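What the coordinates show
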Amino acid sequence: MSDRDTKDHGRDADDPELSQRLQALEQRLSESRADAEGAPDQPPRQGTALALRLAADFVAGVVLGAALGWGFDRLFGTSPFGLMVFLLLGFAAGVLSVVRTAGLVKPGPAGPDDIGDRL
Amino acid sequence: MANDPIKQFRIEPIVPVEIGGLDLSFTNSSLFMVATVVGASAFLIASTSGRGLVPGRWQSAAEMTYEFVAQTLRDSAGNDGMRFFPFVFSLFMFILVANLWGMIPYFFTVTSHIIITAVLAMAVILTVVFFGFWKHGLGFLKLFVPSGVPGVLLPFIVVIEVLSFLSRPISLSIRLFANMLAGHITLKVFAGFVVSLGSLGVVGVIGAILPVLAIIALTALEFLVAALQAYVFAILTSLYLNDALHPSH
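This brings us to the pattern of salt bridges. Per the counting criterion, the structure on display carries three salt bridges over all chains. Among the ionic pairs, Glu-161 of chain B bridges to Arg-100 of chain A, the shortest N-O distance being 3.0 Å. With Glu-161 of chain B in helix H5 (residues 154-198) and Arg-100 of chain A in helix H3 (residues 81-101), this residue pair bridges two chains. Of the charged contacts in the structure, one is a salt bridge between Arg-168 of chain B and Asp-243 of chain B, with a shortest N-O distance of 2.9 Å. Taken together, the positions of Arg-168 of chain B in helix H5 and Asp-243 of chain B in helix H7 (residues 209-245) put the pair 75 residues apart, joining distant regions of the chain.

Spelled out as C-alpha cells, the structure:
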C-alpha cells in the first residue's frame, strides 16, 4: 500500500514537468501547422498582382465594348448609337468581371440569394 | 538615341523568308520562341532522365513544377480538369521560360508582344468554347443565364454575361503583355538615368547610386513578376476550363 503511494506520489511529482513539455510541443505543432496552411495562399493574394488583374479585367471589358460597337456601326451604318450602347454594355461587363475577380460575388452565374450571402 | 527604351522590343528578321507575298521571316522573336521551347524541353527531359526514386536537385525542381501546376488545376477545375493538364502545363512552362529568358540582358522577351499573348489567350478561350459545346451541347449556354433573375432583366443580364465572357481573352492577353512590357521599359529607363547622371561629373556619379539601387530592386521584382504572371495565366486558364467542364455550377 505504502509502496503504491510513493509510486503515485512520484508520478505526480513528474506530471507538471511532463504536461508543461507536452503543452510546449502542442503549441509548436499548431504554429507550424498554421504556417503550412497559410503558405500556399500567399501568391494569389499579392497586392500588386491583384491590382493589375482588376485593372486588366476592367479595361478589357471597355475595350471589347468599344470594338464591338465600332464594328456594329460599320456593318449597319448606325453610327454613333452602336458605339454608345456597346460601350455602356462593355462598361457593365468590365465592372462585373472586376467584382468577380475581387471575390464579391460568386464566380460564374449566381442567384440573387447567393450574391446577398457573399456581400 | 542610344538608350531608347522601346528599341529592345523591335522585331528584326534574321533569316528573311517570303512566301506568296507573306513575310514569314525567321525573326529574333522566332529565335527566342525556339529557345523557350528548347529550354523548357531540355530542363524537363534532362532532369527526369535519371528517374531516381530519391530525386536529385534538378529532378526535384521538375517534380515541384509538375506538382504545382497539377495542384493549381485540380483546385480550380476538379479531378476531371486533369485531362487538360498537358495543355495548362505547356502554357505555364512556355510563359515561365519565355519570361525568364527575357530577364537576361540583350535577350528578347517573347511575351512582351501582344500578338503572342493574344494567340495564347485565344487558344485557351477556343478550347473552352469548343470543349464546352462538345461536352454539354447547348447546355453550355447556361453559363450565360444566371438563375433567379427576373424575366424583364434577363436579356440585359445575358448580354452583359456574354460580353464579360468575351472580354476574358482580352484581359488574359493584356495582363501578361502589359506586365512584361512595362517591367522591361522601367528597367531600361532607370538604366538610362544612370548613364545620363554619370556623364555629369562627380556629383552625378554619386547621384547615380540611387537609380542603380532601384534597378537592383526592380530586377528582383521582375523575376517575381515573370513567375507570377505564368502562374496567373495558368490559374485563370484552369478557372475558365472549369466553366467549360461545369457550366451550370
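Read on for the rest.
At the interface, 26 residues of chain A touch 25 residues of chain B. Across the interface of chain A and chain B, roughly 2,100 Å² is buried in total on both sides, 72% from carbon and sulfur atoms. At the boundary of chain A with chain B, the tally comes to two salt bridges. Joining chain A to chain B, the criterion identifies four residue pairs in polar contact (both at pLDDT 80 or more). Contributing elements (two or more residues each) for the side of chain A that touches chain B: helix H2 (47-76) and H3 of chain A. When residues in the side of chain A that touches chain B are grouped by element, the largest group, 10 residues, is from H2 of chain A. Residue composition of the side of chain A that touches chain B, by class: 17 nonpolar, six polar and three charged.

Within the largest apolar cluster, 41 residues are counted, with the highest numbers of intra-cluster contacts made by Phe-85, Phe-92, Val-128, Leu-172, Phe-233 and Tyr-240 of chain B. Mapped onto this core, the elements with two or more residues apiece are helix H2 (57-77), helix H3 (85-102), helix H4 (114-136), H5 and H7 of chain B. If one sorts the elements of this core by residue count, H7 of chain B sits on top with 11 residues. In contact with Phe-85 of chain B, other than residues within four places in its own chain, are Tyr-66, Val-69, Ala-70 and Leu-73 of chain B. Of all hydrophobic cores here, the second largest spans eight residues; its members include Leu-64 of chain A together with Ile-160, Ile-170 and Ile-174 of chain B.

What follows deals with the environment of Ser-60 of chain B. All names here are of chain B. You can see Ser-60 is positioned in helix H2. Taking the relative accessible area as the measure of exposure, Ser-60 reaches 26% and is therefore partly exposed. Along the chain, Ser-60 and Ser-47 lie 13 residues apart, while their C-alpha atoms are 8.2 Å from each other.

What follows is about the environment of Trp-70 of chain A. Residue and element names in this part refer to chain A. With respect to the helices, strands and loops of the structure, Trp-70 is situated in helix H2. For Trp-70, a relative accessible area of 52% gives the class exposed. Spatially, the C-alpha atoms of Trp-70 and Ser-19 are 75 Å apart, while their sequence positions differ by 51 residues.

On to the packing of aromatic side chains. All names here are of chain B. Tallying each qualifying case throughout the model produces 18 aromatic pairs over all chains. Each ring, one from Phe-32 and one from Phe-107, has its centre 5.1 Å from the other, and the planes form 55°; the classification is tilted. Note that Phe-32 is positioned in helix H1 (residues 28-48) and Phe-107 in the loop between H3 and H4, a separation of 75 residues in sequence. For Phe-32, a relative accessible area of 12% corresponds to the buried category. Using a relative accessible area of 32% as the deciding quantity, one classes Phe-107 as partly exposed. Relative to Phe-193, the ring of Phe-190 has its centre 5.6 Å away and its plane inclined at 70°; by these criteria the two rings are edge-to-face. Taken as a pair, Phe-190 and Phe-193 lie in helix H5 at a separation of three residues, close to a single helical turn. When its relative accessible area of 41% is taken as the criterion, Phe-193 is described as partly exposed.

Residues of chain B with pLDDT of at least 70 account for 98%, and the chain-wide mean is 89. Put simply, strand S3 (residues 22-23) of chain B is where chain B has its lowest mean pLDDT, 83, and H3 of chain B is where it has its highest, 95.

For the rest of this paragraph, the subject is H4 of chain B. Residue and element names in this part refer to chain B. A rise of 1.5 Å per residue sets the reference length of H4, with its 23 residues, at 33 Å; its end C-alpha atoms lie 32 Å apart and thus fit the reference within 8%. Here H4 has its buried residues at Ile-116, Thr-117, Leu-120, Ala-121, Val-124, Ile-125, Val-128, Phe-131 and Gly-132. Residues of H4 that are buried in the fold lie against H1, H3, H5 and H7. Following H4 by one or two positions, Gly-137 adopts a phi angle in the positive range, close to 60°.

Conventions we followed
All residue numbers refer to position in the chain's written sequence, counted from 1. By the order in which they are written, chains take letters starting at A while ligands take numbers starting at 1. Local features in a predicted model are, by the rule used here, given only for residues with pLDDT of at least 70; side-chain atom pairs are given and counted only at 80 or more, and totals for whole chains, interfaces and linings are based on all residues. Think of the side-chain values as coming from all heavy atoms in the structure, minus any hydrogens and water. Any carboxyl oxygen of Asp or Glu within 4 Å of a side-chain nitrogen of Lys or Arg constitutes a salt bridge here. Helix and strand assignments follow DSSP, with helices taken as H or I runs no shorter than four residues and strands as E runs no shorter than two, numbered in order from the N terminus. By the convention used here, residues are in contact when the closest approach between their heavy atoms is within 4.5 Å. Buried area is understood as the total, over both parts, of accessible area removed when two parts are fitted together, assessed with a 1.4 Å probe. We call two N or O atoms a polar contact when they sit within 3.5 Å, provided that within protein one can donate a hydrogen and the other can accept it, with sequence-adjacent residues counted only if both atoms are side-chain atoms. As a working rule, the residues Ala, Val, Leu, Ile, Met, Phe, Trp, Tyr, Cys and Pro are called nonpolar, Asp, Glu, Lys and Arg charged, and the rest polar, with Gly in that last group. Side-chain atoms within 4.5 Å are what join buried Ala, Val, Leu, Ile, Met, Phe, Trp, Tyr and Cys residues into a set we call a nonpolar core. A simple rule labels every residue: compare its accessible area, found with a 1.4 Å probe on the protein chains alone, to the largest value its type can have, and call it buried under 20%, exposed over 50%, or partly exposed in between. Side-chain rings of Phe, Tyr and Trp (the six-membered ring for Trp) are treated as a pair once their centres are within 6.5 Å; stacked means planes under 30 degrees apart, edge-to-face means over 60, and tilted covers the remaining angles. In predicted models, pLDDT denotes the confidence assigned by the predictor to each residue on a 0 to 100 scale. Under the convention used throughout, the expected extent of a helix is 1.5 Å for every residue step, that is, one less than its residue count.

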